[in-house]
Amino acid sequence: MNNRLKELRLARQWSQGQLAETLSVSRQTVNAIENGRYDPSLPLAFAIAAAFALKIEDIFQP
């Protein structure tokens, strides 16, 4: 699954650690999602979308 997580995070000047703290996950999880090694669960995808005030489909594409 492709995603825009890194692009969105950098646009807000957030570190992976800051985003991870916001989402209550590890920095390694954020890194794995950004690099396409891990697809987030649906609740985590909703949390990511909420953190950026976007719809899930605006961040993740199949």
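Above this text is the structure in question.
Quick look at the structure, then. Since this is a predicted model, take the numbers as computed values, not measurements.

Cut-off values and rules
- Counting starts from 1 at the beginning of each chain's written sequence and moves along it residue by residue.
- The predicted nature of this model means local features are confined to residues of pLDDT at least 70 and side-chain atom pairs, given and counted, to a pLDDT of 80 or more, with totals for whole chains, interfaces and linings taken over all residues.
- Side-chain metrics in this entry use all non-hydrogen atoms of the structure; hydrogen atoms and water are not considered.
- Strands here mean DSSP runs of E at least two residues long; helices mean DSSP runs of H or I at least four residues long; both are numbered from the N terminus.
- For a compact globule the rule gives 2.2 Å times the number of residues to the power 0.38, and the radius of gyration it is set against comes from C-alpha atoms.
- Each residue gets one of three labels from its accessible area relative to the maximum for its type: buried under 20%, exposed over 50%, partly exposed in between, using a 1.4 Å probe on protein chains only.
- Per-residue and other accessible areas were derived by the Shrake-Rupley procedure at a 1.4 Å probe size, with only the shown protein chains allowed to occlude residues.
- Charge assignment in this entry is limited to Lys and Arg as positive and Asp and Glu as negative, and neither His nor the chain termini are counted.
- The atom standing in for a charge is NZ when the residue is Lys, CZ when it is Arg, CG when it is Asp and CD when it is Glu.
- For helices, the fitted line uses only the C-alpha atoms of the stretch in contact; every axis is such a line through C-alpha atoms, and the angle between N-to-C directions lies from 0 to 180 degrees.
- When an angle is under 35 degrees it counts as roughly parallel; over 145 it counts as roughly antiparallel; between 65 and 115 it counts as roughly perpendicular; any other value is oblique.
- Any two residues having at least one pair of non-hydrogen atoms within 4.5 Å are treated as being in contact.
- Think of it as three bins: nonpolar holds Ala, Val, Leu, Ile, Met, Phe, Trp, Tyr, Cys and Pro, charged holds Asp, Glu, Lys and Arg, and polar takes everything else, Gly as well.

### Brief notes about the overall build of the protein chain
Turning to step 1, where the next piece is worked out: A tally of helices and strands in the protein chain yields five helices and two strands.
Turning to step 2, where the next piece is worked out: Counted from the first residue to the last, the protein chain has its helices and strands arranged as β-α-α-α-α-α-β.
Turning to step 3, where the next piece is worked out: A globule of 62 residues ought to have a C-alpha radius of gyration of about 11 Å, and the protein chain, at 10 Å, matches this closely.
Turning to step 4, where the next piece is worked out: In terms of overall dimensions, the protein chain has a C-alpha envelope of 25 × 20 × 20 Å along the principal axes.
Turning to step 5, where the next piece is worked out: By residue count, 32% of the 62 residues in the protein chain fall in the buried class.
Turning to step 6, where the next piece is worked out: If you sum the accessible surface of the protein chain, you get close to 3900 Å²; carbon and sulfur atoms cover 51% of it.
Turning to step 7, where the next piece is worked out: Of the charged side chains in the protein chain, 7 are positive and 6 negative, and the gap between their average positions amounts to 5 Å.

### So, the packing of helix α2 (residues 16–23) against helix α3 (residues 27–34)
Any two packed helices are characterised by the angle at which their axes cross and by the distance between the axes.
Turning to step 1, where the next piece is worked out: Direction vectors running N to C along α2 and α3 enclose 105°, while the axes themselves pass 8 Å from each other. The pairing of α2 with α3 is recorded here as roughly perpendicular in orientation. From α2, Gln16, Gly17, Leu19 and Ala20 reach across to α3, where they touch Arg27, Val30, Asn31 and Glu34.
Turning to step 2, where the next piece is worked out: Taken together, the residues of the contact of α2 with α3 sort by class into three nonpolar, three polar and two charged.

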